[in-house]
Amino acid sequence: MNDETILACRGMTKRFGAVTALEGVDFELKRGEVRALLGKNGAGKSTLVNLISGSLQPDHGEITLLGETVHWANPKAAQAGGIAVVHQEFSLVPGLTVAENITMGRWPRRRGFVNGAALREHAARALALLGADIPLTAEVGKLALAEQQIVEIAKALVDEPKVLILDEPTSALNQTEVEALLGLVRRLAHGGVAVIYVSHRMKEIPLVADTLTVLRDGREVATHDVASVSSAQVAELISGSIDVGTELEHRDRREAPVVLRVEDLKVPHRLHGVSLSLHEGEVLGIAGLLGSGRTELLESVFGLRHDATGRIELGGRHVVGRHPRRMLDLGVAYTSEDRKAAGIVSMLGVGENLLLTARGRVLPKFWLRPIKESRLVKDSMAALSIRASSPDQEIGTLSGGNQQKGVIGRALTAKMRVLLLDEPTRGVDLHAKAQIYRLIRELADGGVSSIFVSSELEEIAEVCDRVLILRDGRVHEELIGREATAERILALAMRQEHEHD
Amino acid sequence: MTETTAPTTTPSSGVRLFQRVRSWDGLGLLVVFIALYVTLSIMTPSFLTASNQLSILQNAAFFGIVAFVMTLVIVSGEIDISVGSMAALASSLLGVFVMKQGVPMVLAIVLVLGIAAGIGAFAGAMRSYFNVPTFISTLALFLALRGLAQLVTNNFPIPIPSSDFFYWGDGRVLGIPVPAIYLVAVGVLVAVIARRTVFGRSVYAVGGNSKAASLSGIPVRRIKILVMAMSSTAAAVTGLLLSAQLSSANSTIAVGLEFDAISATIIGGAALTGGKGTVVGTAIGVLFIAALLNGMVLLGVNPYAQQVVRGAVVLIAVLVNVWRTRRHSIG
């Protein structure tokens with residue numbers, strides 16, 4: 001019984017235009033097995049998940065579920081067939097009850113009215129599978145995040161799937177909540193559900209998974225029993241051998257004057273006293289796993305977090321009362337990891353987007369200066385090699401890479417001296433990535449300092465002059481220049497602390 | 001929006017101009033507007049006379065001034081439905097100040113405009129600091145300001161004798177009604193603000209993506225407050241113009257002003273989701289509504305039926321906007 005193969009994928013291949021997202025991947029899953037699916041961003045994890053769950057159709061290869069070949073036309077078909085996915089983003093309606101959310105879309109009806117008793121019974125059964133104790137009539141919006149995550153999983157379980165896919169289910173949870181959730185997943189597996197567990201948090205893997213599959217560049221690199229490999233080996237499998245043809249020259253800027261000094265920065269539950277110095281013309285990388293406090297660090301420096309405490313000095317002068325406009329006036333710019341929501345103004349032209357910060361700073365506060373503006377925009381677009389038909393083209397219609405160049409270019413146009421870059425290459429193609437790296441380095445040569453936060457360790461290794469490793473809200477190690485290889489960064493970022501306080 | 005014109009050969013400058021006009025957002029609206037004018041001219045000979053055109057312009061002023069500023073409000077992602085009540089309160093306060101308190105006219109006008117700006121800023125501050133949607137706060141003001149106007153006047157008109165002010169309110173300059181001059185002046189002013197000032201461009205950025213605007217160092221709160229203050233000030237100006245025309249302060253004026261002003265803005269292509277809209281578009285929308293109302297009166301259309309037509313026009317305008325946006329996002 002326990003060796004029965006539930007799901008088998010053979011030769012899964014998917015191309016998007018010229019890019020091969022997945023090539024000839026085989027994947028097999030047994031009843032009651034928890035399989036961790038690992039890989040860098042862009043390694044093909046989400047493509048594989050999307051193929052299995054019917055969001056995408058393979059170009060080649062076949063999927064068999066319980067011995068029968070299946071072709072999902074859409075996610076709904078896969079769901080009916082017994083494949084459930086819990087995505088990273090919640091799809092819950094905050095104003096409805098737990099029971100209503102769990103059974104959404106299949107509310108049992110009796111003579112046109114919702115059959116409340118039957119509805120609660122279905123929901124209770126799904127929650128019981130998880131062994132979770134959440135009141136069915138509670139409003140979802142009033143639950144804690146961890147409880148909402150459980151409701152989300154229960155929602156996936158209501159059809160009693162054979163395969164459950166969890167996509168980074170713990171990214172929003174704290175340590176205790178994570179442990180509880182891992183317990184639930186083990187319990188589900190024990191009940192016979194096969195689980196595919198996608199996560200970046202390496203230390204969860206031995207706690208929850210039986211086996212692991214590593215993908216790299218669209219290919220399956222290895223599949224092992226979790227017990228038979230060390231985390232260092234896994235890290236190496238994930239990152240592969242680094243082979244960068246045009247390696248950027250590493251520079252050492254530690255002798256240069258300090259432009260930004262951060263002392264004892266604290267954010268409740270997130271950062272526990274971070275101190276760092278950024279030198280003129282230096283690119284400082286911050287590496288750490290999801291939840292290590294990377295984003296909070298940048299947000300705190302830029303004055304976006306009101307719960308942050310600590311001292312920030314710019315050019316030796318203490319900054320009192322940090323908030324974004326003040327920081328920009330002092331020459332510090334920040335780009336969010338969420339380009340769409342907090343980066344671009346999609347319906348405005350590229351030029352307008354580039355000028356947002358410059359106006360009122362390097363440009364006058366009241367009247368526009370059309371000639372000066374168009375010259376600034378032209379220079380910036382050339383320096384950034386933004387590909388657009390004209391400065392008037394709506395930035396939302398450009399590729400992700402060109403959009404991102406526009407967001408970074410906003411700081412460039414406004415002559416900022418310090419850049420706080422949060423995941424500046426997320427969702428950007430390889431060519432544009434290379435351009436963004438070069439841009440950051442060129443700016444650094446001109447004296448602009450950057451703090452570069454990324455979950456892609458290769459790019460941190462490639463772009464940064466110095467790298468700080470952040471774990472659980474603390475800076476632990478510092479790697480200088482060539483010491484900072486992707487393997488080393490990953491191994492350090494994943495290192496487990498011996499239980500503290 | 002942007003028509004995809006296949007550039008097969010190098011276009012001459014004339015062709016390029018043609019393409020630019022073709023790809024202009026407001027082109028469809030302009031065509032419909034011209035069609036309306038041609039139709040009305042054929043159906044009633046009195047429509048295209050100079051005096052009738054001036055009267056269209058004069059009537060357009062009574063909602064157009066508000067519509068121009070409303071464009072900024074809507075582009076910033078907000079709305080102001082209290083403008084009609086604000087106009088009535090401005091009129092009523094003027095009557096009370098001048099006739100009952102003996103305040104000099106000029107001072108009274110300054111006072112009224114100041115109070116109006118304060119009320120608008122209040123709605124903007126509620127939005128900025130307490131996250132109260134402007135739809136809700138101005139809905140509350142819609143009721144409260146009208147009530148206040150009735151309270152201070154006991155709902156009776158207060159006659160105000162003519163004075164120099166009313167020449168500027170209701171007279172003519174070179175044969176052109178003064179309200180029409182105000183309309184054009186405000187239109188030009190708002191267009192210049194929208195296109196030529198840092199504030200104006202920031203309004204678009206705030207409405208397009210307030211989070212991105214804020215991270216770019218744009219004072220989002222200040223801009224929303226200022227825009228709302230401008231809107232209620234424009235409403236007060238309209239209330240003063242109406243008082244001048246009626247020679248009295250009146251708490252029952254400007255009912256439905258918000259409808260015409262918002263309609264003109266929407267017809268002009270502004271998106272209620274913010275970030276998009278032009279003063280030129282709104283100008284065409286204002287003239288369209290004014291001409292339509294005037295034409296229907298000349299044609300003797302049943303007044304109740306007129307309201308049905310006005311409602312239908314707004315609905316169609318929104319549908320066209322949605323359809324255009326969708327085609328754009330697919331193409």
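Residues numbered from 1 in each chain as written. Chains lettered and ligands numbered in written order. Predicted model: local features only at pLDDT ≥ 70, side-chain atom pairs only at ≥ 80, totals over all residues. Heavy atoms only, no water.

Attention shifts here to the overall build of chain B. A count of helical and extended segments in chain B gives 14 helices and 4 strands. Evaluated residue by residue, chain B yields a buried proportion of 50% over its 331 residues. A separation threshold of at least 6 residues defines the contact pool for chain B, and within that pool the share at least 24 residues apart is 76%. (Helix = DSSP H or I, 4+ residues; strand = E, 2+ residues; numbered from the N terminus. Buried < 20%, exposed > 50% of the residue type's maximum accessible area, 1.4 Å probe, protein only. Contact = heavy atoms within 4.5 Å.)

Let us now look at the pattern of salt bridges. Residues and elements named next belong to chain A. Taken as a whole, this structure holds 34 salt bridges over all chains when the rule is applied. Ionic pairing is found between Asp307 and Arg305, a salt bridge with its closest N-O pair at 3.3 Å. Among the residues examined, Arg305 registers a relative accessible area of 24% and is labelled partly exposed. Linked by salt bridges that have partners in common, Arg251, Arg441, Asp445 and Asp465 make up one network. (Salt bridge = Lys/Arg side-chain N within 4 Å of Asp/Glu carboxyl O.)

Before going further, it helps to examine unusual backbone geometry. All names here are of chain A. Of note, Asp264 is a non-glycine position whose phi angle comes to about 55°, a positive value. Counting through the fold element by element, Asp264 comes out in strand 13 (residues 258-267). You will see that Lys415, though not glycine, has its phi angle at about 55°, which is positive. When you line up the elements, Lys415 lands in the loop between helix 14 (400-413) and strand 19 (418-422).

Residues and elements named next belong to chain A. In terms of domain boundaries, chain A breaks down into domain 1 (5-239), domain 2 (246-331 + 417-501) and domain 3 (340-416). Measuring from the centre of the C-alpha atoms in domain 1 to the corresponding centre in domain 2 gives 33 Å. With 12 residues of domain 1 in contact, the opposing surface of domain 2 contributes 11 residues. Seen at the junction of domain 1 and domain 2, the total is 0 salt bridges. For the interface between domain 1 and domain 2, the tally reads 0 residue pairs in polar contact (both at pLDDT 80 or more). Along the lines of polarity and charge, the residues of the side of domain 1 that touches domain 2 split into 2 nonpolar, 5 polar and 5 charged. (Domains from an automatic or database assignment. Polar contact = N/O pair within 3.5 Å; in protein donor to acceptor, adjacent residues only side chain to side chain. Nonpolar A, V, L, I, M, F, W, Y, C, P; charged D, E, K, R; others polar.)

Right, let's get into the nonpolar core. If you look at soluble globular proteins, the nonpolar side chains tend to sit buried side by side. Judged by nonpolar contacts, the single largest core of 133 residues is most densely connected at Leu164 and Ile489 of chain A. In contact with Ile489 of chain A, not counting residues within four places along its chain, are Ala287, Leu457, Ile460, Ala461, Val467, Ile469, Leu479 and Ala484 of chain A. Core analysis: the second largest hydrophobic core is formed by 95 residues, Ala87, Val103, Met105 and Ala236 of chain B among them. (Core = buried A, V, L, I, M, F, W, Y, C linked by side-chain atoms within 4.5 Å.)

Now for the interface of chain B and chain A. Listed per partner, the contact involves 24 residues of chain B and 29 residues of chain A. Note on chain B versus chain A: buried area summed over both sides is about 2000 Å², and carbon and sulfur give 62% of it. Its largest share of buried area at the contact with chain A, chain B owes to Val198, Leu215 and Ser216 of chain B, together 31% of the area lost on that side. At the boundary of chain B with chain A, the tally comes to 1 salt bridge. The partner of Arg201 of chain B in a salt bridge is Glu352 of chain A, with the nearest N and O atoms 3.1 Å apart. Our count for the contact surface shared by chain B and chain A stands at 9 residue pairs in polar contact (both at pLDDT 80 or more). Put simply, the parts of the chain that give the side of chain B that touches chain A at least two residues each are helix 8 (178-196), helix 9 (198-208) and helix 10 (210-215) of chain B. Here the side of chain B that touches chain A gets 5 residues from one element, more than from any other, and that element is helix 9 of chain B. Residue composition of the side of chain B that touches chain A, by class: 9 nonpolar, 9 polar and 6 charged. (Buried area = accessible area lost by both parts, 1.4 Å probe.)

Further remarks concern the sheet that holds strand 3 (residues 34-38) of chain A. Residue and element names in this part refer to chain A. Across the sheet, which stays open at both edges, the 6 strands sit in the order 6-9-10-3-11-12 with mixed pairing between neighbours. Edge positions in the sheet fall to strand 6 (83-86) and strand 12 (219-225), since each has one partner strand and no second. Here the strands of the sheet are splayed against their neighbours by 20° on average, with no regard to which way each runs. Note that strand 3 and strand 10 (residues 194-198) share 4 bridges and pair parallel. The residue bridging Arg35 from the neighbouring strand is Ile196, located in strand 10. (Pairing = 2+ DSSP bridges. Axes fitted to C-alpha atoms, helices over the stretch in contact; angles between N-to-C directions.)

Any region with low pLDDT has predicted coordinates that should not be read closely. Residues and elements named next belong to chain B. Per-residue confidence for chain B gives a mean pLDDT of 90; residues scoring 70 or more make up 88%. The element-level mean pLDDT for chain B is lowest in helix 7 (residues 164-170), coming to 64, with helix 6 (residues 134-153) highest at 97. Across residues 1-10, where pLDDT falls below 50, the model places 14 contacts with residues more than four positions away in sequence or in other chains. (pLDDT = per-residue confidence, 0-100.)

Take the sheet that holds strand 19 of chain A next. Backbone hydrogen bonds are what pair the strands of a sheet, in a parallel or an antiparallel way. Residue and element names in this part refer to chain A. Across the sheet, 6 strands lie side by side as 18-19-20-15-21-22; this open sheet has mixed pairing. Of all strands in the sheet, those with a lone pairing partner are strand 18 (332-335) and strand 22 (474-480), marking the two edges. Here the strands of the sheet are splayed against their neighbours by 20° on average, with no regard to which way each runs. Where strand 15 (residues 283-287) meets strand 21 (residues 466-471), 4 bridges bridge the pair, whose relative direction is parallel. Opposite Leu284, over in strand 21, you have Arg466 as the bridge partner. Contacting strand 18 and strand 19, helix 14 crosses the sheet at an angle of about 165° to strand 18. Here helix 17 (residues 486-494) sits on the sheet in contact with strand 15, strand 21 and strand 22, set at roughly 25° to strand 21.

Below, the discussion takes up the packing of aromatic side chains. This structure, assessed with the given rule, holds 4 aromatic pairs over all chains. Between Phe366 of chain A and Trp367 of chain A, the aromatic rings sit 5.1 Å apart at their centres with planes inclined by 85°, giving edge-to-face as the arrangement. Taking 5.1 Å as the distance between ring centres and 55° as the angle between the ring planes, the aromatic pair formed by Phe33 of chain B and Tyr37 of chain B counts as tilted. In this pair, Phe33 of chain B and Tyr37 of chain B are both assigned in helix 2 (residues 27-43), 4 residues apart and thus about one turn of the helix distant. The buried category is assigned to Phe33 of chain B, whose relative accessible area is 12%. (Phe/Tyr/Trp six-rings, centres within 6.5 Å; stacked < 30°, edge-to-face > 60°.)

Residues and elements named next belong to chain B. The interhelical angle for the contact between helix 3 (residues 50-75) and helix 8, taken along N-to-C directions, is 15°, at an axis separation of 8 Å. Comparing the axis directions of helix 3 and helix 8 gives the class roughly parallel. Crossing of helix 3 over helix 8 shows left-handed handedness. Taking contact as the criterion, the partners of Leu57, Gln58, Ala60, Ala61, Phe62, Gly64, Ile65, Phe68, Val69 and Leu72 in helix 3 are, on helix 8, Pro179, Ala180, Tyr182, Leu183, Val186, Gly187, Val190, Ile193 and Ala194. Of the residues in the contact of helix 3 with helix 8, the class split is 16 nonpolar, 3 polar and no charged. (Parallel < 35°, antiparallel > 145°, perpendicular 65-115°, else oblique. Left-handed = near helix turned anticlockwise from the far one by under 90°.)

All names here are of chain A. Inspection of the secondary structure puts Ser454 in the loop between strand 20 (449-453) and helix 16 (457-463). A distance of 2.6 Å separates a polar atom in the side chain of Ser454 from a polar atom in the side chain of Glu459. In contact with Ser454, other than residues within four places in its own chain, are Ile286, Arg294, Glu423, Glu459 and Ile460.

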